[in-house]
Amino acid sequence: MFPSPSSSRPPSPAQTPFGTPPQHFIDLRIPVDEDVSLQAILKVPITDSNLNVSRHSNSVAIISHPWSWLGGSMHDQVLHNLSEVFLKLDYHVILFNTRGVGESSGRSSFTGIPESQDLRAALGWAVEEIANLHTAVLVGYSYGSLITSIVPSPIQLYPGKIKRAAHILISYPLGPMASFLTFFNTPKYTAAFDKVLADPELDVLLVYGNQDQFFSTKKYGAWSTRCREIRTKAVTESSAHPGDHDEAELVSVQGSNSPVSTVVSGTNANDPTKRKKPMKLEVKMLNHGDHFWRGGNGKRLSKTVSEWVERLQPLHPEFSSD
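About the criteria used
Residues numbered from 1 in each chain as written. Predicted model: local features only at pLDDT ≥ 70, side-chain atom pairs only at ≥ 80, totals over all residues. Heavy atoms only, no water. Phe/Tyr/Trp six-rings, centres within 6.5 Å; stacked < 30°, edge-to-face > 60°. Helix = DSSP H or I, 4+ residues; strand = E, 2+ residues; numbered from the N terminus. Buried < 20%, exposed > 50% of the residue type's maximum accessible area, 1.4 Å probe, protein only. Pairing = 2+ DSSP bridges. Right-handed = clockwise from strand over helix to strand, strands pointing away. Axes fitted to C-alpha atoms, helices over the stretch in contact; angles between N-to-C directions. Left-handed = near helix turned anticlockwise from the far one by under 90°. Contact = heavy atoms within 4.5 Å. Nonpolar A, V, L, I, M, F, W, Y, C, P; charged D, E, K, R; others polar. pLDDT = per-residue confidence, 0-100. Salt bridge = Lys/Arg side-chain N within 4 Å of Asp/Glu carboxyl O.

1. Thoughts on the packing of aromatic side chains
Step number 1: Counted by the stated rule, this structure contains 14 aromatic pairs.
Step number 2: Judged by centre distance (5.9 Å) and plane angle (75°), the ring pair of Phe 214 and Phe 292 falls under edge-to-face. Taken together, the residues span a long stretch of sequence, with Phe 214 in the loop between strand E7 (202–209) and helix H7 (217–237) and Phe 292 in the loop between strand E12 (280–286) and helix H8 (295–310) at a distance of 78 residues.
Step number 3: Residue class for Phe 292 comes out partly exposed when judged on its relative accessible area of 35%.
Step number 4: Ring pairing ties together the aromatic residues Tyr 172, Phe 193, Tyr 208, Phe 214, Phe 215, Tyr 220, Trp 223 and Phe 292, which thus form one cluster.

Structure, rendered in structure tokens:
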């Protein structure tokens, strides 16, 4: 298991959009292979002023940082703002430096593919060390969303252990920038992300701002449309039994922060037990949001993520550990 909370260090005094919920910080070393181990922080939710660790937290969020070659690390303020969202929802949170960043050993790559192995290692650590873990949410911001997008659903990676999973991708890099960040390995990333989008057991949230400094709303719109088409096809083709088809639904929603909020979901009206497979993709464009999510934009981002995570498909009763 992870170290005793008594060995944790005090919370950072930095203010976050929702205030700082009570928590423990625990410094970690996460092994990847013989040559690489990762510097990481585990944030553990606590339940009261006596610093009692939450005994009901069976969920983890693992958040990946922006590009290390431009100074990205687990100390990015956007990552810490997002971690507060998950702590308030009674999630454990893992922030980690990819190889070659901070005190993580190894060397940073140009393709990002080895860094995806770092994310898998962090997930593996969580599965082994957090008791009764059943929910895993992988979150990526900017370059970190590229890394997250090529990692399969935790349900696939840990069948029988992880029962519910989601990917959240924020400010996903597109076009020539994506090619540059992946050393021209964009086709590999596209193919892997297509598989993620088509996964029938994975919820996916995509968030971008309409004033992103690097990627136009037009490019994000075309990308979002392609993602929805892949998801819709997967929903339509997913049926547990002949003649018992999932219903594909694509709806437009007016949101308080985004005029464009689209959902692709699948439900099986004939068999409620199939609803443990959520089949949901949601795309959120936030008005006035840019790439860096500071100030009020950060608050809107945190609110959007918080509301979406709260609506994650509930576990089917057979999966409940209560």
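Resuming the write-up.
2. A few points about the pairing of strand E3 (residues 59–64)
Step number 1: For E3, a buried count of six out of six residues is recorded, marking the element as mostly surrounded by other parts of the structure.
Step number 2: Of the two faces of E3, the one lined by Ser 59, Ala 61 and Ile 63 and the one lined by Val 60, Ile 62 and Ser 64 are each fully buried.
Step number 3: Pairing geometry for E3 and strand E5 (residues 135–141), over six bridges, is parallel. Bridge assignment links Ala 61 to a residue of E5, and that residue is Val 137.
Step number 4: In terms of strand pairing, E3 meets strand E4 (residues 92–96) through four bridges, oriented parallel. Across the sheet, residue Ile 62 finds its bridge partner in E4, namely Ile 94.
Step number 5: On the question of chirality, the crossover connecting E3 to the parallel E4 by way of helix H1 (residues 77–88) is right-handed.

3. A word on the environment of Ser 238
Step number 1: Summarising the element assignment, Ser 238 is placed in the loop between H7 and strand E8 (239–241).
Step number 2: Judged by relative accessible area, Ser 238 falls into the buried class, the value being 19%.
Step number 3: Sequence separation of Ser 238 and Ala 198 is 40 residues, and the distance between their C-alpha atoms is 9.5 Å.

4. Describing the packing of H1 against H8
Step number 1: The geometry of H1 relative to H8 is characterised by a closest axis approach of 9 Å and an angle of 35° between their N-to-C directions. As for how H1 packs across H8, the hand of that crossing is right-handed. Contacts between H1 and H8 involve Val 78, Asn 81, Leu 82, Val 85 and Phe 86 on the former and, on the latter, Leu 301, Ser 302, Val 305, Ser 306 and Val 309.
Step number 2: Looking at the contact of H1 with H8 residue by residue, the class counts come to seven nonpolar, three polar and no charged.

5. Topic: the confidence of the model for the protein
Step number 1: Across the protein, the average pLDDT comes to 82, with 74% of residues at 70 or higher.
Step number 2: In this model, residues 1–18 is a region of pLDDT below 50 whose contacts with residues beyond four sequence positions or in other chains number 38 contacts.

6. Section: the pattern of salt bridges
Step number 1: Scanning the model with the defined rule gives seven salt bridges in all.
Step number 2: The partner of Lys 43 in a salt bridge is Glu 84, with the nearest N and O atoms 3.5 Å apart. One end of the pair, Lys 43, is in strand E2 (residues 37–45); the other, Glu 84, is in helix H1, with 41 residues separating them in the sequence. For the pair formed by Lys 43 and Glu 84, the shared burial category is buried.
Step number 3: A cluster of three or more residues bridged by salt bridges with shared partners is formed by Glu 282, Lys 284 and Arg 311.

7. What to know about unusual backbone geometry
Step number 1: Phi is positive for Phe 184, which is not a glycine, with a value near 65°.
Step number 2: Mapped onto the elements, Phe 184 comes out in the loop between helix H5 (175–181) and helix H6 (186–197).
Step number 3: Positive phi outside glycine occurs at Trp 293, with the angle close to 55°.
Step number 4: Counting through the fold element by element, Trp 293 comes out in the loop between E12 and H8.
Step number 5: Assessed through its relative accessible area of 1%, Trp 293 is described here as buried.

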